[in-house]
Amino acid sequence: MPYSVVSSLRVPDPQNFIEVFNSKIRSSLEANGATSVSFRQIILGGEMAGTLQQSLTFNEIDDAVNALAVASPLVPAFVAETGATVIGRSMAHTRAERGVTQGAYGSMLMSRGLPVDDATYQANADLFWSKMSSGINGQRFGVVIAGAERTGAVAAISWTDSLSSLQNVSDAMFASADVQEVLMAQQVTMISKVYIRTLDS
């Protein structure tokens with residue numbers, strides 16, 4: 001499954017940043033292997049609130065590294081024009097998707113637990129989706145493979161058009177006995193959760 005390069009940035013004007021990126025850098029990344037580009041802003045999430053999250057998807061790690069290298073000469077002028085500050089950049093490997101990964105809003109839940117094989121990963125995704133599908137549009141589950149201290153963490157991203165609906169089904173899921181059993185057996189602990197809004201996808 002695909003790999004995502006996620007950059008966290010602080011920018012004074014997110015819409016201007018996206019417009020300049022799309023006009024000056026996006027085509028270079030797409031020509032060198034980027035299969036999708038999306039932007040989300042964290043609207044609630046502690047010290048990360050207000051930050052812009054840019055996600056680039058690639059089929060292979062080598063494609064991502066090459067595309068970033070090709071685009072790098074364009075970055076200094078782009079950063080100067082948009083006033084952007086890069087906070088960090090990480091890579092995650094998608095392990096499972098359910099539903100439609102689109103929506104006006106969403107959440108990203110980070111957790112850690114015991115390593116599991118692919119069959120268990122898919123079974124977990126099926127269980128979580130069965131509990132939350134009535135209140136969200138889709139989910140993506142991935143493992144951070146290059147993220148400094150968060151390497152090895154699991155990212156569960158949910159898309160929705162109503163954060164109230166998302167939180168309601170999330171509360172019900174975590175209260176259910178079968179989900180609690182899985183979380184305990186796999187020694188899952190929560191790291192963080194943020195609410196996001198989609199700006200461009």
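That block above? That's the structure.
An account of the accompanying structure is given in this report. Small disclaimer: the values here were computed from a predicted structure and weren't measured.

1. Topic: the overall build of the chain
Here is step 1 of the chain: What the chain contains, in helices and strands, is 7 helices and 8 strands.
Here is step 2 of the chain: In terms of overall size, the chain behaves like a compact globule, its C-alpha atoms giving a radius of gyration of 17 Å where 201 residues would be expected to give roughly 17 Å.
Here is step 3 of the chain: In terms of overall dimensions, the chain has C-alpha extents of about 55 × 35 × 30 Å along its principal axes.
Here is step 4 of the chain: The buried share among the 201 residues of the chain stands at 44%.
Here is step 5 of the chain: Of all intrachain contacts in the chain linking residues separated by at least 6 positions in sequence, the fraction that spans at least 24 positions is 78%.
Here is step 6 of the chain: As presented, the chain carries roughly 9,800 Å² of accessible surface, and 54% of it is formed by carbon and sulfur atoms.
Here is step 7 of the chain: On the chain, the mean spot of the 13 positive side-chain charges and the mean spot of the 18 negative ones are 4 Å from each other.

2. Quick look at the sheet that holds strand β7 (residues 154-160)
Here is step 1 of the chain: The 8 strands lie next to each other as β1-β3-β2-β8-β5-β7-β6-β4, forming a closed barrel whose pairing is antiparallel. Across the sheet, the axes of successive neighbouring strands diverge by a mean angle of 35°, strand direction being ignored.
Here is step 2 of the chain: Bridge count between strand β4 (residues 85-99) and strand β6 (residues 138-146): 8 bridges; the pairing is antiparallel. Opposite arginine 98, over in β6, you have glutamine 139 as the bridge partner.
Here is step 3 of the chain: Helix α1 (residues 14-24) rests against β1 (3-10), β2 (36-44), β3 (52-58) and β8 (189-200) of the sheet, and its axis sits at about 170° to β2.

3. So, a nonpolar patch on the surface
Here is step 1 of the chain: Residues Ile43, Leu44 and Tyr105 make up a contiguous nonpolar surface patch of roughly 250 Å² in combined accessible area.
Here is step 2 of the chain: As for its placement among the helices and strands, isoleucine 43 is situated in strand β2.
Here is step 3 of the chain: Residue class for isoleucine 43 comes out partly exposed when judged on its relative accessible area of 31%.

4. With respect to the packing of aromatic side chains
Here is step 1 of the chain: A complete count under the given rule lists 5 aromatic pairs for this structure.
Here is step 2 of the chain: Between phenylalanine 128 and phenylalanine 141 the ring centres are 6.0 Å apart and the planes differ by 45°, which places this aromatic pair in the tilted class. Here phenylalanine 128, found in helix α5 (residues 118-132), pairs with phenylalanine 141, found in strand β6; they are 13 residues apart in sequence, far enough to count as distant.
Here is step 3 of the chain: Overall, phenylalanine 141 belongs to the buried group, its relative accessible area being 6%.
Here is step 4 of the chain: Following the ring pairs from residue to residue traces out a cluster consisting of Phe17, Phe21, Phe39 and Phe78.
Here is step 5 of the chain: Sitting over the ring of tyrosine 121, arginine 95 keeps its end group 4.3 Å from the ring centre.

5. Observations concerning the packing of α5 against helix α7 (residues 177-185)
Here is step 1 of the chain: Where α5 meets α7, the axes come as close as 11 Å, and the angle between the chain directions of the two elements is 145°. Crossing geometry of α5 relative to α7 is assigned as left-handed. Along its contact with α5, which presents Asn124, Leu127, Phe128 and Lys131, the element α7 presents Asp178, Val179, Val182 and Leu183.
Here is step 2 of the chain: For the contact of α5 with α7, the class distribution of residues is 5 nonpolar, 1 polar and 2 charged.

6. Describing the pattern of salt bridges
Here is step 1 of the chain: One pass over the structure, following the stated rule, counts 7 salt bridges.
Here is step 2 of the chain: The partner of arginine 26 in a salt bridge is aspartate 200, with the nearest N and O atoms 3.8 Å apart. With arginine 26 in helix α2 (residues 26-31) and aspartate 200 in strand β8, the pair connects residues that are 174 residues apart, well separated along the chain. Like aspartate 200, arginine 26 is buried.
Here is step 3 of the chain: Its salt-bridge partner being aspartate 126, residue arginine 98 comes within 2.8 Å of it at the nearest N-O pair. Linking arginine 98 in strand β4 with aspartate 126 in helix α5, this pair joins segments that are 28 residues apart in sequence.
Here is step 4 of the chain: Exposure remark for arginine 98: the relative accessible area of 16% places this residue in the buried category.
Here is step 5 of the chain: Overall, aspartate 126 belongs to the partly exposed group, its relative accessible area being 42%.
Here is step 6 of the chain: Each of Arg26, Glu30 and Asp200 takes part in one network of salt bridges that share partners.

How each quantity is defined
Here, residues in each chain are numbered from 1, in the same order as that chain's written sequence. Predicted model: local features are reported for residues with pLDDT of at least 70 only, side-chain atom pairs are reported and counted for 80 or more only, and whole-chain, interface and lining totals are derived from all residues. Values reported for side chains reflect all heavy atoms of the structure, with hydrogen atoms and water molecules removed beforehand. Secondary structure elements are taken from DSSP: a helix is a run of H or I of four residues or more, a strand is a run of E of two residues or more, and numbering for both begins at the N terminus. Within these notes, the globule rule equals 2.2 Å times the number of residues to the 0.38 power, and the radius of gyration is based on C-alpha atoms. Here the term buried applies to any residue with accessible area under 20% of the maximum for its type, exposed to any over 50%, and partly exposed to those in between, with areas from a 1.4 Å probe on protein chains only. Contacts are residue-level and defined by heavy atoms, with any inter-residue pair within 4.5 Å sufficient. Working definition of accessibility: Shrake-Rupley area with a 1.4 Å probe, residue cover restricted to the visible protein chains. Residues scored as charged are limited to Lys and Arg (positive) and Asp and Glu (negative), so that His and the chain ends carry no count. A charge is said to be at NZ when it belongs to Lys, at CZ for Arg, at CG for Asp and at CD for Glu. What makes two strands pair is DSSP finding at least two bridges between them. For helices, the fitted axis covers only the stretch in contact; all axes are lines through C-alpha atoms, and the angles between them, taken along N-to-C directions, range from 0 to 180 degrees. What goes into a patch is any residue over 30% in relative accessible area without a salt bridge, connected to like charges within 9 Å or, for nonpolar side chains (Val, Leu, Ile, Met, Phe, Trp, Tyr), within 5 Å. The working definition used for a salt bridge is a side-chain nitrogen of Lys or Arg within 4 Å of a carboxyl oxygen of Asp or Glu. Within 6.5 Å between ring centres, the rings of Phe, Tyr and Trp (the latter by its six-membered ring) count as paired, and their orientation is classed by plane angle as stacked under 30 degrees, edge-to-face over 60, tilted in between. In this scheme, Lys NZ or Arg CZ marks a charge over a ring once it lies within 6 Å of the ring centre and within 35 degrees of the ring normal. With the far helix as reference, a near helix turned anticlockwise by less than a right angle produces a left-handed crossing, and one turned clockwise produces a right-handed crossing. Only Asp, Glu, Lys and Arg are considered charged, only Ala, Val, Leu, Ile, Met, Phe, Trp, Tyr, Cys and Pro nonpolar, and every remaining residue, Gly among them, polar.

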